[in-house]
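Letter by letter, the chains look like this.
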Amino acid sequence: MLGKLKEHLYSALLPQQCACCRANLATIRNSNTCDACWQATTIYDGSESICDRCGVIVAASSKTHDVHCWQCDGHHYERARAVGTYENALATAVIGLKTTPKLSSRAAGLLLWAFQQNGFENVSLIVPVPLSKRRKIERGFNQAEVIADALARGTRIKVDPNSLTRIQHSPIHRIGMDRKARDLSVKDAFRVVRPKLLDGQSVLVVDDVFTTGATVSYCAKALLKCGARSVNVLTLARAMPGKF
Ligand SMILES: [Zn+2]
Ligand SMILES: [Zn+2]
């Protein structure tokens, strides 16, 4: 209630500028990004033909079943799904989360919708992809935790931000870093410090962007090794192959 009032006050006092296209518009609702930018963003609705495991769109044609791509062979999670493609409004949301620990209500609503759409109701525990201690101190918060908390508010499922830890400070992924280098930078980076809390849990690993899937796969490996019953993945956005 107070939050809504504050939002109204801000919009009355400050000009509305879209964080994505920088246009001054009156159509900004429940987000810092305008309707046009949201409409220009691919949000997955279940009609896409995707790889059953990693969720990559394999064809623009209508949905076909039992599709597998070779890229996720050996990944440890069951299914990885995302709200939509890393572009326009979703890219803006992800970039915004690097400096501000807040997810817009529009993005949070889409996240909840993706959760339901993909049949993750059996999930018993949400685990955000951890940052290394050093990175978390530098940033002041973990963006995956912000996403996990938004999902927890909508689903009432518990979040465990402490049991999975990142034990090395991997270099920031840079453009030009090839797939293999990226994958190796997260290999063996994750450790479970409180295995008891994960025993028998159906875990949903949550992150901002799914790029090669190496990060969430190694998270899943560590969680399964410590007794998690299953590990699925939900991210806010998904980088399109060839664009990272
Ligand atoms: Zn815009
Ligand atoms: Zn795949």
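See above for the structure.
Residues numbered from 1 in each chain as written. Chains lettered and ligands numbered in written order. Predicted model: local features only at pLDDT ≥ 70, side-chain atom pairs only at ≥ 80, totals over all residues.

Asks: For this particular structure, what's the right way to read the overall build of the protein chain?
Replies: The helix and strand tally for the protein chain stands at 8 helices and 8 strands. Across the 244 residues in the protein chain, those meeting the buried criterion constitute 39%. Restricting the contact set of the protein chain to residue pairs at least 6 apart, pairs at least 24 apart contribute 71%. (Helix = DSSP H or I, 4+ residues; strand = E, 2+ residues; numbered from the N terminus. Buried ≥ 20, exposed ≤ 12 C-beta atoms within 10 Å, placed from the backbone. Contact = placed C-beta atoms within 7 Å.)

Asks: Looking at this model, I keep getting lost on the sheet that holds strand E4 (residues 125–128). Mind explaining?
Replies: In a beta sheet, neighbouring strands are held together by backbone hydrogen bonds and run either parallel or antiparallel to one another. Strand order in the open sheet made by the 4 strands is E3-E8-E7-E4, with parallel pairing throughout. With one partner strand each, in any of the chains shown, strand E3 (80–85) and E4 form the two edges of the open sheet. Going from strand to strand, the sheet's axes swing by 20° on average, the running direction of each strand aside. Relative to strand E8 (residues 230–238), helix H3 (residues 88–96) is tilted by about 105°, and along the sheet it contacts E3, strand E7 (202–210) and E8. (Pairing = 2+ DSSP bridges. Axes fitted to C-alpha atoms, helices over the stretch in contact; angles between N-to-C directions.)

Asks: Would you take a moment to explain helix H4 (residues 105–117) for this structure?
Replies: Two residues of an α-helix separated by three or four positions point the same way, owing to the 3.6 residues in each turn. Its 13 residues give H4 an end-to-end C-alpha distance of 18 Å, which sits within 8% of 18 Å, the value for a rise of 1.5 Å per residue. Restricting attention to buried positions, one finds in H4 the residues Ala107, Ala108, Leu110, Leu111, Ala114 and Phe115. For H4, the angular spread of buried residues about the axis comes to 160°, placing them on one side. At its buried positions, H4 is contacted by E3, H3, helix H6 (143–155) and E8. Looking one or two places after H4, you find Gly119, whose phi comes out positive at around 65°. (Expected span 1.5 Å × (residues − 1). Arc of directions from axis to C-beta.)

Asks: Is there a simple way to explain the environment of Arg106 in this structure?
Replies: Assignment of secondary structure puts Arg106 in helix H4. Classification of Arg106 by C-beta neighbours within 10 Å gives partly exposed; the count is 18. C-alpha separation for the pair Arg106 and Ser31, spaced 75 residues apart in sequence, amounts to 5.6 Å.

Asks: When you look at H6 in this model, what are you seeing that I'm missing?
Replies: Spanning 13 residues, H6 covers 19 Å between terminal C-alpha atoms, matching the ideal 18 Å at 1.5 Å per step. Arg156 lies just past H6 and shows a positive phi near 65°.

Asks: Can you help me understand the pairing of E7 in this one?
Replies: In regular strands, side chains alternate between the two faces of the sheet. Counting buried residues in E7 gives 8 out of 9 residues, a clear majority hidden from the surface. Where E4 meets E7, 4 bridges bridge the pair, whose relative direction is parallel. Considered in E7, the bridge of Ile126 is made with Leu204. Read from E7 through helix H8 (residues 214–225) to E8, the crossover connection turns out right-handed. (Right-handed = clockwise from strand over helix to strand, strands pointing away.)

Asks: In this structure, what is going on with the nonpolar core? I would like to understand it.
Replies: Across soluble globular proteins, nonpolar side chains have a tendency to be buried as a group. If you look at the biggest cluster of nonpolar residues, it comprises 64 residues, and the most contacted ones within it are Leu111, Ile147, Val205, Cys219, Leu223 and Leu236. Each residue touching Leu236, except ones within four places of it in the same chain, is listed here: Ala82, Val83, Leu90, Ala93, Val94, Ala107, Leu111, Ile147, Asp208 and Val209. (Core = buried A, V, L, I, M, F, W, Y, C linked by C-beta atoms within 7 Å.)

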